[in-house]
Structure formats: structure tokens, C-alpha cells
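# Chain and residue survey
Below, each chain spelled out in residue letters.
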Amino acid sequence: MKHILALVKKDLLLEIRQQYTFYGILLYVASTIFVLYLAMNQPEEKVWNGLFWMIQLFICVNAVAKSFLQESQGRMLYFYTVAGARDFILSKLLFNAGLMILMSLVSLLLFQLLMGNPLQNPFRFVGFVCLGGCSLSLVFTFLAAIAARARQGAALMAILGFPLIIPQVLLLMRMSNTAFADVIQAGLLQIILLLVALDILVIVLAIILFPFLWKD
């Protein structure tokens, strides 16, 4: 746990010092939502929900892909000697989840300011946004790790990510639709548990498979 926290602190200090990822994604979020506002003003609930999660998807791709591509071969070797593969991948999963939750909340705030606020249960939707941001970041962090070690970059991540992320986005959209009505949808708990189970599966797969990728 000590090594994991130290690596998370390293990523946080690098982000604070460089700030490329945060401000770049913030500019992307603000400009995209503003263009949507000019084109659609205040769309209906289902369109609002769908646009929000599609933006989260692209935010996650831009934020997570850089986390492994910026690590040089020499730096990776140094991390391997002082921490190990499992500590390294867990620290990346934890840091990217926190970053994605922050960016999701910022985009939700901008969405409500420009695109209107059709939410009937805003606190429930905020919880879904945090869970969804964490889920998306876990999947793309794992895929970015595979793509970086395979030296194929974003192309391999896009190919691997498409069949994995579509079911997850559909679950998130179906789950978050309940925040637009006062009635609790039947099966909501099962959807949440399924999403949490997928997150746990991704973490377990990352812990098991990443050490083999690291050795190569």
C-alpha cells in the first residue's frame, strides 16, 4: 500500500506541475458542451443523457491514454525495481479513477449551466456519474496498459475498447435514466451490482495480466 500511495502521489505531483491533461481536457469539455449548446440549446431528457455519457467516453480516452504513453522505457524499468508491476497498475487505476471522477463532475456542472437541468434526482445522478467515471477509467486504463506495452498506441486501445465499452455505456445510460423521474425503475439495483462486478473483474484482470506484460 505504501508503494501504491507513493506512485499515486508521483502522478498527482506531475499533473500539478505539468497540467497538460487537466487543462487540455477542460478546454475540450467546455468547447464541446458550448458547441452542443449552440446547436441544440436545451435538448430533451434522453438526448441530454446520451450526449453526456458520450462526452464522458471521449474525455476518458483522452485522459487515460496519456497516463502510459508518457512513461519512458527507462522510467518503467525504474518503477519495476522499486515497486513492482501490481503496485504500478493499481496506482494507475486509482489515479485515473480519481481524475476521471473530477472531470466528470466538472462536465456535469457545465452541462447543467449550458444545456439545462432536467434532472429530477440530481444527487442520484451525481452518484451515477462518479460510478460511471470510475468504471470507464478502469477499463481504459487496463486497455492503455496493454496498448502501451504492445507498442501499438491508441489504435490497439480503440480496437480492444469498442466491444468492451459499449455494453458499459448502455448500462450507464439505462441506469442514469432513472434520475430523470421520481419513480425508481425496477432492476436498478441489479444494474448497479452488474456494473460494480464488471469493475471488480477489470481490476482482477489487471492485477493478474499486467505483470506478464511488464516482463515482456
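Report on the accompanying structure. These figures come from a predicted structure and were not determined experimentally.

Analysis parameters
Residues numbered from 1 in each chain as written. Predicted model: local features only at pLDDT ≥ 70, side-chain atom pairs only at ≥ 80, totals over all residues. Heavy atoms only, no water. Helix = DSSP H or I, 4+ residues; strand = E, 2+ residues; numbered from the N terminus. Expected span 1.5 Å × (residues − 1). Buried < 20%, exposed > 50% of the residue type's maximum accessible area, 1.4 Å probe, protein only. Arc of directions from axis to C-beta. Core = buried A, V, L, I, M, F, W, Y, C linked by side-chain atoms within 4.5 Å. Contact = heavy atoms within 4.5 Å. Patch = residues over 30% accessible without salt bridge, like charges linked within 9 Å, V, L, I, M, F, W, Y side chains within 5 Å. Areas by Shrake-Rupley, 256 points an atom, 1.4 Å probe, with all protein chains shown as cover. Salt bridge = Lys/Arg side-chain N within 4 Å of Asp/Glu carboxyl O. Axes fitted to C-alpha atoms, helices over the stretch in contact; angles between N-to-C directions. Parallel < 35°, antiparallel > 145°, perpendicular 65-115°, else oblique. Left-handed = near helix turned anticlockwise from the far one by under 90°.

When the terminal C-alpha atoms of helix α1 (residues 2-18) are compared, their 24 Å separation across 17 residues agrees well with the 24 Å that a helix rising 1.5 Å per residue should span. All of the buried residues in α1 are Ile4, Leu7, Val8, Lys10, Asp11, Leu14 and Glu15. End-on, the buried residues of α1 take up no more than an arc of 155°, which puts them together on one face. α1 presents Lys2, Lys9, Ile16 and Arg17 as exposed residues on the side facing more than 90 degrees away from its buried surface.

Turning next to helix α5 (residues 85-114). An α-helical turn contains 3.6 residues, so any two residues separated by three or four positions project in the same direction. If you check α5, its first and last C-alpha atoms are 43 Å apart, about what 30 residues at 1.5 Å a residue would give, namely 44 Å. The first or second residue beyond α5 is glycine 116, which carries a positive phi of 90°.

This part takes up the nonpolar core. Formed by 55 residues in total, the largest nonpolar core has its most connected members in Trp48, Phe111, Phe125, Phe140 and Met175. Contributing elements (two or more residues each) for this core: α2 (20-40), α3 (45-69), α5, α6 (122-149), α7 (154-176) and α8 (188-215). Examining the composition of this core, we find that 14 residues originate from one element, α6, more than from any other. In this structure, phenylalanine 125 is in contact with Trp48, Asn49, Phe52, Trp53, Leu108, Leu119, Ser176, Ala179 and Phe180, ignoring residues within four places of it in sequence.

This part takes up a nonpolar patch on the surface. A cluster of nonpolar side chains, contributed by Leu194, Val196, Leu198, Ile200, Leu201, Val204, Leu205, Ile208, Leu209 and Phe212, occupies part of the molecular surface with about 830 Å² of accessible area. For isoleucine 200, the location among the structural elements is in helix α8.

To continue, consider the packing of α1 against α5. For any two helices packed against each other, the geometry comes down to the angle between their axes and how far apart the axes lie. It is the contact of α1 with α5, at a shortest axis distance of 8 Å, that shows an interaxial angle of 50°. Classified by the interaxial angle, the pair formed by α1 and α5 is oblique. For the pair α1 and α5, the sense of crossing is right-handed. Contact with α1, carried on its side by His3, Ile4, Leu7, Val8, Lys10, Asp11, Leu12 and Glu15, involves Asp87, Phe88, Leu90, Ser91, Lys92, Leu94 and Phe95 of α5 and no other residues of that element.

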